[in-house]
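Breakdown of the fold
Here is how the chains run, residue by residue.
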Amino acid sequence: MIELHDISVRYAGKGRAVLAVDRVSLSIAAGSIHGIVGTSGAGKSSLLRTINLLERPTTGRVRIGGRDITGLGGAALREARRRIGMVFQHFNLMHTSTVFENAAFALRAAGRPDAEVRARVAEVLELVGLSDKAGAYPAQLSGGQKQRVGIARAIANHPEVLLCDEPTSALDLDTAASILELLAQINQRLGITMVLISHEMNVIKKVCSRVAVMDAGRIVEEGDVYDIFATPQHPFTRQLVEHTQRLDLPARLTEGLRGTLVKIRFLGERAETPVLSEASVRFGVSANILHGKIEYIGNRALGLLVVLLDARGNDAGGSVAAAVDYLRQHTARVDVLHSGHEEARHAA
Ligand SMILES: Nc1ncnc2c1ncn2[C@@H]1O[C@H](COP(=O)(O)OP(=O)(O)O)[C@@H](O)[C@H]1O
Ligand SMILES: [Mg+2]
């Protein structure tokens, strides 16, 4: 368990001070992968670096496994840091050393005997899939391979905690996915507690169980990743989530649209089609599905449908507004994207 209590980080800067982290408290369960998401400058890295005291918090306490490490210095601090590995966006490898020596770094620093270093480095290189690259130099590796070396180095000395600062932000999408998979695998196999920073919700979604959303030095929302995606509360979180769920409809679909375009979000295993057809029948509107997708976070489904509702074909006079109300009551969330009807506009 990592406990951050009332952490602030203030940089003195010339002329003007920067409050990078503003009284943040956060608990991270042992063995979990906890995300911290936010835009650039939000204070994520500053907060992360307080966990191993690379950054001394201006206020607050850092506890790991129940032990307050905030006041540690010298040998005690080095010993505490030994239990915390770190993975960086730009890998931070030693360019004039081989993959083997990079991975061996923490073990050597800890003064482990040579035979142990050799055995352990072989083990971690195997774990990250680089057994055949031990003698290579960083310049000979791809970005993904470099990050694998970074991960091998970080876990070599059996840390309990792994701090990952944008570990996939310098990589292409496929490589990023394989690195995230590797981190998840390491978390499961070795039980290392991980804190993962990203500016992308899609990264968080893939591997984290919980996430803290950071904006301007503060945590504005924190919770289970599925819940944050399904029912984001803070406007900033909504914006981040919506960014990942943008469904791009061709312009011709929304120009001169006849009807009311709604985005319906539904959660879990609930079959949505019955709700939609029920609304259609009850309120005399046609429901034309234009776009839809279901994504899985953990093992739980989160569905999105974009539907065009129209009452005009109904001589008996259907009601789009009533249908939208009904959908609002029976699904997680309904957004009116485009309103072709006066009545629906009122309902929105
Ligand atoms: N060493 C530093 N000295 C002065 N200001 C800093 C330093 N590191 C970060 N900052 C400032 O603190 C704020 C938060 O930065 P950072 O923690 O790197 O955010 P993030 O990782 O979310 O992008 C930014 O305004 C940044 O410019
Ligand atoms: Mg950062």
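Residues numbered from 1 in each chain as written. Chains lettered and ligands numbered in written order. Predicted model: local features only at pLDDT ≥ 70, side-chain atom pairs only at ≥ 80, totals over all residues. Heavy atoms only, no water.

Turning our attention to the overall build of the protein chain. Helix and strand counts for the protein chain stand at 13 helices and 14 strands. Overall, the protein chain is about 85 × 45 × 35 Å in size when its C-alpha atoms are taken along their principal axes. When the 348 residues of the protein chain are sorted by exposure, 48% land in the buried category. At a minimum sequence separation of 6, the contacts of the protein chain that also span at least 24 residues come to 67%. For the protein chain, the exposed surface amounts to about 16,400 Å²; the carbon and sulfur share of it is 49%. Charged side chains in the protein chain number 41 positive and 37 negative. The centres of these two groups are separated by 6 Å. (Helix = DSSP H or I, 4+ residues; strand = E, 2+ residues; numbered from the N terminus. Buried < 20%, exposed > 50% of the residue type's maximum accessible area, 1.4 Å probe, protein only. Contact = heavy atoms within 4.5 Å. Areas by Shrake-Rupley, 256 points an atom, 1.4 Å probe, with all protein chains shown as cover. Lys, Arg positive; Asp, Glu negative; His and termini not counted. Charge placed at Lys NZ, Arg CZ, Asp CG, Glu CD.)

It is worth spelling out the sheet that holds strand β14 (residues 333-338) at this point. Here we have 4 strands laid out as an open sheet, ordered β12-β13-β11-β14, and antiparallel in their pairing. Edge positions in the sheet fall to β12 (286-297) and β14, since each has one partner strand and no second. The mean inter-strand angle of the sheet, taken between neighbouring strand axes irrespective of direction, is 20°. Against the sheet, helix α9 (residues 235-244) engages β11 (260-267), β12 and β14, with an angle of about 70° to β14. Lying on the sheet, helix α12 (residues 320-330) is in contact with β11, β13 (300-310) and β14; it crosses β14 at an angle near 145°. (Pairing = 2+ DSSP bridges. Axes fitted to C-alpha atoms, helices over the stretch in contact; angles between N-to-C directions.)

Before going further, it helps to spend a moment on the pairing of β12. In the sheet, β12 pairs with β13 via 11 bridges, with the strands oriented antiparallel. Residue pairing in the sheet places Y296 in a bridge with A301 of β13. Counting the residues between successive antiparallel strands, the hairpin from β12 to β13 contains 2 residues, one of them, G298, with a positive phi of roughly 65°.

Around ligand 1 lies a shell formed by Y11, V18, A20, T39, S40, G41, A42, G43, K44, S45 and S46. Between ligand 1 and the protein, one listed contact pairs an oxygen atom with a side-chain N or O atom of K44 at 2.8 Å. Between ligand 1 and S45, the relevant distance is 2.8 Å, taken from an oxygen atom to a side-chain nitrogen or oxygen of the residue. Burial of ligand 1 by the surrounding chains reaches 60%, relative to a free accessible area of 560 Å². Breaking the shell around ligand 1 down by element, the ones donating at least two residues are β2 (18-28) and α1 (44-51). Sort the elements by how many residues they give to the shell around ligand 1 and α1 lands first, with 3 residues. (Near = heavy atom within 4 Å. Polar contact = N/O pair within 3.5 Å; in protein donor to acceptor, adjacent residues only side chain to side chain.)

On inspection of all chains with the given rule, the structure shows 1 aromatic pair. Their ring planes at 55° and their centres at 5.6 Å tell us that F283 and Y326 sit as a pair that is tilted. Highlighted residues: F283 in helix α11 (residues 273-283) and Y326 in helix α12, separated in sequence by 43 residues. Judged by its relative accessible area of 22%, F283 falls in the partly exposed class. (Phe/Tyr/Trp six-rings, centres within 6.5 Å; stacked < 30°, edge-to-face > 60°.)

Okay, the packing of helix α3 (residues 99-109) against helix α4 (residues 114-127) next. Helix packing geometry: the angle between the two helix axes and the distance between the axes. α4 packs onto α3 with a crossing angle of 120° between their chain directions and a minimal axis gap of 9 Å. Here α3 is positioned oblique relative to α4, judged by the angle of their axes. Seen along the crossing, α3 lies across α4 with a hand that is right-handed. In this structure, α3 contributes V99, F100, A103, A104, L107 and R108 to the contact, and α4 contributes D114, V117, R118, R120, V121 and L125. Of the residues that constitute the contact of α3 with α4, the class distribution is 8 nonpolar, no polar and 4 charged. (Parallel < 35°, antiparallel > 145°, perpendicular 65-115°, else oblique. Left-handed = near helix turned anticlockwise from the far one by under 90°. Nonpolar A, V, L, I, M, F, W, Y, C, P; charged D, E, K, R; others polar.)

On to the pairing of β11. Counted residue by residue, β11 has 7 buried out of 8 residues, so it is predominantly covered. Pairing of β11 with β13, which is carried by 8 bridges, proceeds in the antiparallel orientation. Opposite K263, over in β13, you have V306 as the bridge partner. Looking at chain direction, β11 and β14 are connected through 5 bridges and run antiparallel. Across the sheet, the residue bridging to I264 is V334, located in β14.

All right, on to the confidence of the model for the protein chain then. In this model, the protein chain carries an average pLDDT of 91, and 95% of its residues clear a pLDDT of 70 or more. Residue range residues 341-348 is modelled with pLDDT below 50. Its contacts to residues more than four positions away, or to other chains, number 21 contacts. (pLDDT = per-residue confidence, 0-100.)

Once that is clear, we can look at the nonpolar core. With 54 residues, the main nonpolar core has L162 and L196 as its most contacted residues. When near neighbours in sequence (up to four residues on either side) are disregarded, L196 contacts I33, H34, G35, I36, C164, P167, L180, L183, V203, I204, V207 and C208. I28, L47, I84 and L163 belong to the second-largest nonpolar core, a separate cluster that totals 28 residues. (Core = buried A, V, L, I, M, F, W, Y, C linked by side-chain atoms within 4.5 Å.)

What holds strands together in a sheet is hydrogen bonding between their backbones, with the strands either parallel or antiparallel. Strand order across the open sheet formed by 6 strands is β6-β7-β8-β3-β9-β10, with mixed pairing between neighbours. Of all the strands in the sheet, the pair left with one neighbour each is β6 (84-87) and β10 (218-224). Taken over all neighbouring pairs, the strand axes of this sheet differ in orientation by 15° on average, direction set aside. When strand β3 (residues 33-37) meets strand β8 (residues 193-198), the two strands line up parallel, connected through 5 bridges. Bridged to V37 within β8 is S198. Contacts between helix α5 (residues 143-155) and the sheet are confined to β6 and β7 (161-165), with β6 contributing the most and set at about 170° to the helix.

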